[in-house]
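Residue-level structural notes
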Amino acid sequence: MSTEEKSAAPRSLAEALRVRDDVSLAALLRSRPDLITPVPTDLTQLATRAGTRASVVRALERLDRFALQTAEALAVAPDPASYGELLALMGGDEEDPVVAAALPRAAALLREQALVWGGDDRLRLVRTARELLAPSAQHPSPTGLGPTVREATAGMSPGRIQEILATVGLPSTHDSVSAVSALGALFADRRRMAALLTGLPEESREVLARLVWGPPYGQVTHDPAAHLRALLDRGLLLPTAPGTVVLPREVALHLRAGRAHRVPEPVPPPVEVAAAHRPQVVDATAAGQALTALATVEELLKEWDEGGPAVLRAGGLSVRDLKRTAVALDVPEPVAAFWVELAYGAGLIASDGGGGTSHAVKAAGDEERYAATPAYDEWRELPPAERWALLARTWLTATRTAGVVGGRDAKDRTLSALGPNLDRSAAPEVRHRVLALLAALPEGASPVEESVLARLRWERPLRGPQREQRGAGAAREEDLRSRIARWTLSEAELLGVTGRGALAAPGRALIGAPEAPRPAAREEPEGPQGPGAKLPVHHHRTPPAVVPPTPAERTAAAAAAARLLAPLFPEPLDHVLLQADLTAVAPGPLERGLADVLGVLADVESKGGATVYRFTPGSVRRALDAGQSAADLHAFLARHSRTPVPQPLTYLIDDVARRHGQLRVGAASAYVRCDDDATLDEILADRRAAALGLRRLAPTVLAAQADPAALLEGLRAIGFAPAAESAAGDVLIARADSHRTPPRTAPEPVPDGPPTPDDTLLAAAIRAVRAGDLASTAPRKPGPGDAGDGGGSGAPGDALPRTGAAETLATMQAAVLTGETLWIGYVNAEGAASQRVIAPIRVEGGFVTAYDHTADEVRTYPLHRVTGVAELADDAG
């Protein structure tokens, strides 16, 4: 390298950032958004922030496995290292061609993210990253390498070092520095090192083989065996502490044939295809599951319409209430937790705060309960495809993760559904990435689950102890991202985003994926096929940096998914088939009005392709309580049945209606009123009514010690059909949707760090940083306040210019006439000092109006707050 090229090489990360163009800076800030929160004042501050521990850790955790392996190799390479040295560490002496082909991308990625800077001849890993990844006794390197000979012999006596030189056949030196250099050169020489190892006993070589891939530390006694003594005498093992020895890095690299990693992984593992289905079958299966999802959410909300389970003191559902919900929905408890969390995330259920908007008779001292929100009524009025799209979009972006329900938090407390501490900020990214991997497969192909998890682990590997634990055996707990990926695959199937394990067309639109690639080979036969069927393996390229979609893009994607799903849904039916056994069969989805009335008039007995409803005295009474008359029910059934109304059903309705409302329950403490005093006599004589504390006040009135709600339930349990009445004597109609929470907002996702900036913010931030950098680095002419010879000819650095008020005013006025640009120091009202580069436009009334290059806008500054002014040098950029 020439002297001129050396002087042009950056000497720091700040200088390396300074020569980047705006596109490169935008890529850096997009991949590491924490660097502009808040916007740095100049590129020096940006470089400082990029080297902080928290920011570097976050950046390392977001690297793919090969890029991380490259950074780990640089941490054990000389500082600085050339690209050739890095390639030798990654590809070994044999120079693996696959590694050589992938390394430029990894090095470019590290440069883009400001983890590495410098030219190919002087690659430097930022200091914080080197400290995190370099080997030490406390924190072994992920490469398994130990310290260098120089580091390992730092505390060794000069005499002992000379003894090692003599043993390996090297001439003695006059100082330890040259002795250590000679020993390191010997270990790095492949030919001489091979000859040295050939003379060792077999037991000694076995010891080296055990240490070569790490950990490089071992224990020895004060009187080591002969095969260990041979290694110690030759410096192949060096003592680091009493009883502890280490394999020097140079020796390990020779034994590894120059490789820093045992298994470099330059290529992402492919996502394997487990089965292939016709796309039409996948879409139809997904649409059927989407209809089931809508029905499940509606059934859940119907269960909670009049006030659902109580809210625990710490928040959330109790284990018992979750079990009851699972039984009501006929699903396992983890699946019930998923539906509950999905409805909560969509804003369809919430806590009523102990009140709600119910007008039904309620017990005194109401406790806080979960119930439907007003948004639920709006959601029900939407077309089915749009209702599904809202649920699917909520699921895709939610950070609340139902899969962790039942686990333990950091304080060893059980995590409950709808409770706190369920947010996992990585969930949206993992869900989106899993679906994107499915979208990259041939249309109709379902993946092998383990291959999806392996791909995700390559794209975002774990670091540190977790990484070591992951490979220690199946008994280790699976990492969170892998568990979220497993939950994503099962939840996507429940929701109808996938069908038979393959991504459906609406799911593809939901993530904004392009049209699926068609398989080049002939179409596989329909039906599930195991991995043994040797279906094609689909390879992927490394994904580009993911820019999260904007809310507008998510809304557009959800609308597109709804448009694709709508034609797949069957048309809702306006009829049912009444059976003589007091059941009704709905052969498909029903129209909203029919489903609502039938859901009140009958109980769901079974679900599936056809729903079976059963009519019971309790269900008919429920319809009468909702304001329907017997004539209304007869007319409704006759209008919507394709079969004649069975006589047993007619008799059931008439019998219940004849008795309904004969008893009236109102609020005094509570009372029962009936025009037939014989009925009241019957109640008083019934032993089951003793708990209600009834006594006769008049021939047609009984008083009770129970509240009205308990009195209603008690009389219905005995076999009567009482109706509640108001203070005016009117029958209270208890509608199914009578209880609603006050308006609630859906829970907001908890972001995983600062949000990715959009293009507008990036452009403004880059403009501000460059302007601030101009102010802090622009060379200026020497002024009267400058000391020494040319002290003001360079960049101003941190010192503010200092001039008197008269000189400041005169310089400003002259700049207005000449159009010159000035460098000023300015102190704002809060006392914060800053440097600015301005082009004065007007000076009057004690103020200067100027174009501020730092802020890229015209501003006005009070002259008394300007500390001083200096002209920029003629060659200032």
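Scroll up for the structure.
Residues numbered from 1 in each chain as written. Predicted model: local features only at pLDDT ≥ 70, side-chain atom pairs only at ≥ 80, totals over all residues. Heavy atoms only, no water.

Overview of the overall build of the protein
A tally of helices and strands in the protein yields 35 helices and 26 strands. Counting the 877 residues in the protein, one finds 46% classified as buried. Across the protein, the fraction of contacts at a sequence separation of at least 24, relative to all contacts at a separation of at least 6, is 67%. On the protein, roughly 41900 Å² of surface is accessible, and the fraction owed to carbon and sulfur atoms is 54%. (Helix = DSSP H or I, 4+ residues; strand = E, 2+ residues; numbered from the N terminus. Buried < 20%, exposed > 50% of the residue type's maximum accessible area, 1.4 Å probe, protein only. Contact = heavy atoms within 4.5 Å. Areas by Shrake-Rupley, 256 points an atom, 1.4 Å probe, with all protein chains shown as cover.)

Topic: the pairing of strand β24 (residues 847-852)
Here strand β23 (residues 833-844) runs beside β24; their pairing, made up of six bridges, is antiparallel. Of the residues in β24, the one forming a bridge with Pro 840 is Ala 850. Between β23 and β24, which pair antiparallel one after the other, the connecting turn spans two residues, and Gly 845 there sits at a positive phi close to 60°. Where β24 meets strand β25 (residues 857-862), six bridges bridge the pair, whose relative direction is antiparallel. Residue pairing for β25: Thr 849 is matched across the bridge by Thr 860. (Pairing = 2+ DSSP bridges.)

Regarding the nonpolar core
Phe 187, Leu 236 and Leu 237 are the most contacted members of the largest nonpolar core, which totals 90 residues. Per-element tally for this core: the top contributor is helix α6 (residues 65-75), with seven residues. Apart from residues lying up to four places away in sequence, Leu 237 is in contact with Val 207, Leu 208, Leu 211, Leu 228, Leu 231, Leu 232, Val 245, Val 246, Leu 247 and Pro 248. Formed by 72 residues, the second largest nonpolar core is a distinct cluster that contains Ala 287, Ala 293, Leu 396 and Ala 402. (Core = buried A, V, L, I, M, F, W, Y, C linked by side-chain atoms within 4.5 Å.)

Let's talk about the sheet that holds strand β13 (residues 577-578)
The sheet built from four strands is open, its strands ordered β13-β14-β16-β15 with antiparallel pairing. On the outer flanks of this sheet lie β13 and β15 (603-606), each paired with one strand and no other. Where β13 meets strand β14 (residues 583-586), two bridges bridge the pair, whose relative direction is antiparallel. Note that in β14 the partner of Leu 577 across the bridge is Val 585.

A word on helix α30 (residues 630-640)
When we look at burial in α30, the residues that qualify are Ala 630, Leu 633, Phe 636, Leu 637 and His 640. Down the axis of α30, the buried side of the element spans an arc of 125°, and every buried residue falls inside it. Across α30 from its buried face, at more than 90 degrees, point the exposed residues Ala 631, Ala 638 and Arg 639. Where α30 is buried, its residues touch β13, α28 (592-601), α29 (617-625) and α31 (647-659). (Arc of directions from axis to C-beta.)

Thoughts on the pairing of strand β26 (residues 866-871)
In terms of residue burial, β26 counts as a mostly covered element, since five of its six residues are buried. Relative to β26, strand β22 (residues 822-827) runs antiparallel, the two being bridged by five bridges. Bridge pairing in β26 links Gly 825 to Gly 868.

Some details on the pattern of salt bridges
In the structure shown here, the tally under the stated rule is 38 salt bridges. In this structure, Asp 79 and Arg 130 form a salt bridge, with 3.9 Å as the shortest nitrogen-oxygen distance. Residue Asp 79 is found in the loop between α6 and α7 (83-91), and its partner Arg 130 is found in helix α9 (residues 127-133); the two are separated by 51 residues along the sequence. Given the relative accessible area of 41%, Asp 79 is considered partly exposed. Assessed through its relative accessible area of 17%, Arg 130 is described here as buried. The residue Asp 852 makes a salt bridge to Arg 836 at a minimum N-O spacing of 3.1 Å. (Salt bridge = Lys/Arg side-chain N within 4 Å of Asp/Glu carboxyl O.)

Things to note about the sheet that holds strand β3 (residues 217-219)
Read from one edge to the other, the open sheet built from three strands follows the order β3-β5-β4, with strand pairing classed as antiparallel. Whereas interior strands pair on both sides, the edge strands pair on one side only; in this sheet they are β3 and β4 (238-241). If you compare each strand with its neighbour and ignore which way they point, the axes differ by 40° on average. With three bridges joining them, β4 and strand β5 (residues 244-246) adopt antiparallel strand pairing. The residue bridging Ala 241 from the neighbouring strand is Thr 244, located in β5. (Axes fitted to C-alpha atoms, helices over the stretch in contact; angles between N-to-C directions.)

Describing the packing of α6 against α7
Two elements in contact, α6 and α7, have axes whose closest approach is 10 Å; the angle formed by their N-to-C orientations is 115°. Read as a crossing pair, α6 and α7 show a hand that is right-handed. Contacts between α6 and α7 pair Phe 66, Gln 69, Thr 70, Ala 73 and Leu 74 from the former with Leu 86, Leu 89 and Met 90 from the latter. (Left-handed = near helix turned anticlockwise from the far one by under 90°.)

Digging into the packing of α6 against helix α8 (residues 97-112)
Contact geometry of α6 with α8 gives a least axis separation of 9 Å together with a crossing angle of 80°. Overall, the two elements α6 and α8 adopt an arrangement that is roughly perpendicular. Facing α6, whose interface residues are Phe 66, Ala 67, Thr 70, Ala 71 and Leu 74, α8 presents Val 99, Ala 102, Leu 103, Arg 105, Ala 106, Leu 109 and Leu 110. Residues belonging to the contact of α6 with α8 are distributed by class as follows: 10 nonpolar, one polar and one charged. (Parallel < 35°, antiparallel > 145°, perpendicular 65-115°, else oblique. Nonpolar A, V, L, I, M, F, W, Y, C, P; charged D, E, K, R; others polar.)

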